[in-house]
Amino acid sequence: MENILSAKNISKSFNGTKVLKEIDLSINEGEIISISGPSGAGKTTLLNILGTIETPDLKNDSKLLISDTNIFKLNDKELSKFRNKNIGFVFQFHELLPEFTCYENVCLPAWIDNNNNIKERAVSLFNDLGLIDKLDKKPATLSGGERQRVSIARALINNPKIILADEPSGNLDSKNSEKLYDIFFDLRNKINCTFIIVTHNQSLAKKADRQIIINDGRIV
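Draft legend 1. Local environment of the overall build of the chain. Each helix and strand in the chain was counted, giving seven helices and 10 strands. In terms of overall size, the chain behaves like a compact globule, its C-alpha atoms giving a radius of gyration of 17 Å where 220 residues would be expected to give roughly 17 Å. Considering only C-alpha atoms, the chain reaches an extent of 50 × 40 × 35 Å along its principal axes. Considering only contacts within the chain whose residues lie at least 6 apart along the sequence, 71% involve residues at least 24 apart.

Draft legend 2. Examining the sheet that holds strand E4 (residues 63-66) more closely. Ordered by their spatial adjacency, four strands build an open sheet running E2-E1-E4-E5, and the pairing between neighbours is antiparallel. The sheet is open, and its two edges are formed by strand E2 (17-28) and strand E5 (69-70), each paired on a single side.

Draft legend 3. Representation of the nonpolar core in the model. Counting residues in hydrophobic clusters, the biggest one holds 36 residues, and the most contacted among them are Val150, Ile152, Ile163, Phe184, Phe195 and Ile197. Put simply, the parts of the chain that give this core at least two residues each are helix H3 (102-112), helix H4 (119-128), helix H5 (144-156), strand E7 (162-166), helix H6 (174-191) and strand E8 (194-198). In terms of residues, this core owes the most to one element, H6, which gives six residues. Setting aside its immediate chain neighbours within four residues, Phe195 contacts Glu31, Ile32, Ile33, Ile163, Phe184, Leu187 and Arg188. Grouped together as the second largest cluster of nonpolar side chains are 28 residues, Ile27, Phe89, Leu164 and Ile196 included.

Draft legend 4. Expanded view of the side chain of Lys12. Here Lys12 lies in strand E1 (residues 3-14). No salt bridge is formed by the buried Lys12, whose closest oppositely charged neighbour, Glu54, lies at an N-O distance of 4.5 Å.

Draft legend 5. Highlighting the pairing of E8. The buried fraction of E8 amounts to five of the five residues, a majority that puts the element mostly inside the structure. The two faces of E8 match: Thr194, Ile196 and Val198 on one face and Phe195 and Ile197 on the other face are all buried. Pairing of strand E3 (residues 32-36) with E8, which is carried by four bridges, proceeds in the parallel orientation. When the sheet's bridge partners are listed, Ile33 is paired in E8 with Ile196. Pairing analysis gives five bridges linking E7 to E8, with the strands arranged parallel.

Draft legend 6. Local environment of the confidence of the model for the chain. When the pLDDT values of the chain are averaged, the result is 89; 99% of them are 70 or greater. Taken element by element, the predicted model of the chain shows its lowest mean pLDDT in helix H7 (residues 202-205) (83) and its highest in E3 (94).

Draft legend 7. Region of interest: a positive patch on the surface. Together, Lys77, Lys81, Lys85 and Lys161 make up a positively charged patch on the protein surface. Lys161 sits in the partly exposed class, given a relative accessible area of 39%.

Draft legend 8. Here's a closer look at the pattern of salt bridges. Counting across every chain of the model gives nine salt bridges. Between Asp216 and Lys21 there is a salt bridge; the shortest N-O distance is 3.2 Å. Pair noted here: Asp216 is in the loop between strand E9 (210-215) and strand E10 (218-219) and Lys21 is in strand E2, with a separation of 195 residues, a long-range link. The class of Asp216 is exposed, set by a relative accessible area of 52%. On the accessibility criterion, Lys21 (16% relative accessible area) is buried. Of the charged contacts, one joins Asp209 and Arg188 as a salt bridge, the two residues approaching to 2.5 Å between their closest N and O atoms. Here the residue Asp209 occupies a position in the loop between H7 and E9, and Arg188 occupies one in helix H6, the gap between them amounting to 21 residues. Note on Arg188: relative accessible area 15%, which makes it buried.

Draft legend 9. Region of the structure containing the sheet that holds E7. Ordered in space as E6-E7-E8-E3-E9-E10, the six strands form an open sheet in which the pairing is mixed. Only two strands of the sheet have a single neighbouring strand rather than two, namely strand E6 (87-90) and E10. Examined bridge by bridge, E6 and E7 share four bridges and lie parallel to one another. By the bridge assignment for E7, Gly88 is matched with Ile163. Packing against the sheet, helix H2 (residues 76-86) makes contact with E6 and E7, and its axis sits at approximately 70 degrees to E6.

About the cut-offs
Residues numbered from 1 in each chain as written. Predicted model: local features only at pLDDT ≥ 70, side-chain atom pairs only at ≥ 80, totals over all residues. Heavy atoms only, no water. Helix = DSSP H or I, 4+ residues; strand = E, 2+ residues; numbered from the N terminus. Rg over C-alpha atoms; globule rule 2.2 N^0.38 Å. Contact = heavy atoms within 4.5 Å. Pairing = 2+ DSSP bridges. Core = buried A, V, L, I, M, F, W, Y, C linked by side-chain atoms within 4.5 Å. Buried < 20%, exposed > 50% of the residue type's maximum accessible area, 1.4 Å probe, protein only. Lys, Arg positive; Asp, Glu negative; His and termini not counted. Salt bridge = Lys/Arg side-chain N within 4 Å of Asp/Glu carboxyl O. pLDDT = per-residue confidence, 0-100. Patch = residues over 30% accessible without salt bridge, like charges linked within 9 Å, V, L, I, M, F, W, Y side chains within 5 Å. Areas by Shrake-Rupley, 256 points an atom, 1.4 Å probe, with all protein chains shown as cover. Charge placed at Lys NZ, Arg CZ, Asp CG, Glu CD. Axes fitted to C-alpha atoms, helices over the stretch in contact; angles between N-to-C directions.

Below you can see the structure in the form of C-alpha cells.
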C-alpha cells in the first residue's frame, strides 16, 4: 500500500499547556483509521493539524507530508488551495448553510475552486448516498442522518484523497451511526478514499482498519 500521509514530531501547546506531545503517524492510501481516547486527550487538535487547519509547534524535524507535499513549506494561499482540493471534512453537526439548497451546499467547495462543471458529479454523489430526491431541499427539511449524508457528499465533491471526520456520528442515533460507517466503508471500497475518523463510539472505532488511541497527548 502506498503511504498517503506521514506526520513526524507533531506537538501543540495552548497557553503553556502541551496538548500534543511528539506525535509520529503514518497512514496508507485507502485506510480507514479511527482516533479515540478520553475527552481532552488531543484527538481533535491532531485531526485539525492533519487537516492543515491548525499549525503545530514547529521543531527542526517536524514534518507533515500529504501525497508527497510538504505541508509546512506551503504559504497561506497554496495551503488553502491544497486543502480544498485534497482534503474533505465531515463535522459532528454537518455545518450545512441553511439558506442554500442541499445541491448548492455540496457544490460550494468546487465553486470556490472555480470548478463550475460539476453538476454530473454532484448528482452522482446524491444518487450514491440515497439523496437524489433531496437536491433542491433546504437542510432544515432533512433528518439528521440525511444532513450528515449531504455533508459527506460535500466532502467528496472535489474528489479529495483524504476525508477527515470529527465525531461524525456524535449527533446521530445508533441505527444512523451504523449506516454512516457502512457508507464510509462502501466509499473506501468504491473510490479508495482514506478516512481518518475521531470518535468516542468504541464499537464503531473498532470497525476501522486500524484504531489509534490517544491519551494525554500521546499515541498509546
